[in-house]
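# Fold and contact review
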Amino acid sequence: MLQEILNDVGIAVFAASGALLGVRKDFDLWGIVTVGALTGVGGGILRDVVLGITPPSSLQNWPPIVIAAATSVLVFFFHPAFAQLRRSVLLFDAVGMGVFATSGAAIAVDQQVSAFAATLVGLLTAVGGGILRDVLANEIPLLLQPADLYAVPALLGAAVVAVGGGYTSVPMWIWLVAGTIVATGLRIAGLIFGWRLPTAPAGRRRRR
């Protein structure tokens, strides 16, 4: 039950981030809802496609799409309020990212894939929606920009579930909690302390 609640929160927060980008790009209502919905459920759809789960659960069951679409409509009408809640949105986004990364890895483990594959599937679940959002909005994907840590926490959280759930007898829910704490905690710490991965030295970039 807790995982489902957190998953729904993650969908809503991711959808809000997509809808806010649509607002900044001056999309109409349909465009904003489309970008928001794809951001909210895109990672789960990509996960299911990679794992051969057809039709994807986000399309087979109505709640994920409805949550993402309803959130996008709210952003359309009340986007100034959402913009002012940026810090709260970032916090929920960190939780949603952690939940998506670990739940994606857990579903992959259930499909009997390797721990390596499950880790990558968890990462894809966490960042896939954001990639679709940026591509639709004609933006360089945030995943590739020198921004705060995001993919690395998702990768580590997914790895905890993939290795722990795949190679130990400890109940999966314990690994889900542990992985989510690792991913979310590292993401929040990165935001607080401004942690970033290094970029190439300026001199080397100029010589290209």
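Every chain is numbered independently, its residues counted from 1 as its sequence is written. Totals for whole chains, interfaces and linings use all residues, but because this is a predicted model, local features are given only for residues with pLDDT of at least 70 and pairs of side-chain atoms are given and counted only at 80 or more. Hydrogens and water molecules were not included; the side-chain quantities draw on all heavy atoms of the structure.

### With respect to the UniProt feature "transmembrane region" (unreviewed entry) in the protein chain
UniProt positions are given in the numbering used here, feature names are shortened, and annotations may be inferred rather than shown by experiment. As annotated in UniProt, the feature "transmembrane region" (unreviewed entry) corresponds to residues 6-23, 30-50, 62-82, 89-109, 115-136, 148-167 and 173-198 in the numbering used here. Between the C-alpha atoms that bound residues 6-23 the distance is 25 Å, and the span itself is 100% helix and 0% strand. A run of DSSP states H or I qualifies as a helix once it reaches four residues; a run of E qualifies as a strand once it reaches two. Both are numbered from the N-terminal end. The span residues 30-50 shows a helical share of 100% and a strand share of 0%, and its end C-alpha atoms are spaced 28 Å apart.

### Here we look at the UniProt feature "domain: Glycine transporter" (unreviewed entry) in the protein chain
Under the present numbering, the feature "domain: Glycine transporter" (unreviewed entry) in UniProt falls on residues 5-79 and 91-163. For residues 91-163, helix accounts for 75% and strand for 0%, while the C-alpha atoms at its two ends are 26 Å apart.

### Considering the packing of aromatic side chains
Only Phe, Tyr and Trp rings are paired, with Trp represented by its six-membered ring, and only when their centres lie within 6.5 Å; those with planes under 30 degrees apart are stacked, over 60 edge-to-face, the remainder tilted. One pass over the structure, following the stated rule, counts three aromatic pairs. Ring centres of Phe14 and Phe100 lie 5.0 Å apart, and the angle between their planes is 80°; this geometry places the pair in the edge-to-face category. With Phe14 in helix α1 (residues 2-24) and Phe100 in helix α5 (residues 86-110), this pair connects stretches of sequence that are 86 residues apart. Classification of Phe14 as buried rests on a relative accessible area of 4%. Centroid distance Phe76 to Phe77: 5.0 Å. Interplanar angle 90°. Geometry classified as edge-to-face. Only protein chains enter the accessibility calculation, which uses a 1.4 Å probe; a residue is then buried when its area is under 20% of its type maximum, exposed when over 50%, and partly exposed in between. Overall, the relative accessible area of 53% leaves Phe77 in the exposed class.

### Considering the layout of surface pockets
Cavities and pockets were defined on a 1 Å grid built over protein atoms only: a cavity is a set of grid points that admits a 1.4 Å probe from which the probe cannot escape, a pocket is an open set flanked by protein on both sides within 12 Å along at least five of seven lines, and lining residues are those with an atom within 4 Å of any such point. Grid points are joined across faces, edges and corners, and a volume is the space filled by probe spheres set on the points. Reported here for the largest pocket is a volume of approximately 1100 Å³. For the largest pocket, the lining is made up of 41 residues, of which Leu90, Arg133, Leu142, Tyr150 and Arg187 are closest to its centre. When residues of the lining of the largest pocket are traced back to their parent elements, those giving at least two are α1, α4 (62-84), α5, α6 (115-136), α7 (151-167) and α8 (172-193). In terms of residue count, the dominant contributor to the lining of the largest pocket is α1 (seven residues). Residue classes follow a fixed rule: Ala, Val, Leu, Ile, Met, Phe, Trp, Tyr, Cys and Pro count as nonpolar, while Asp, Glu, Lys and Arg count as charged, and any other residue, Gly among them, counts as polar. In the lining of the largest pocket, the residues fall into 26 nonpolar, six polar and nine charged. By volume, the second largest pocket amounts to about 380 Å³. In this structure, the second largest pocket is lined by 18 residues; those nearest its centre are Asn7, Ile11, Arg47, Ser57 and Pro64. Looking at the lining of the second largest pocket, the elements that each hand over two or more residues are α1, α2 (29-51), α3 (57-60), α4 and α5. Top contributing element to the lining of the second largest pocket by residue count: α1, with five residues.

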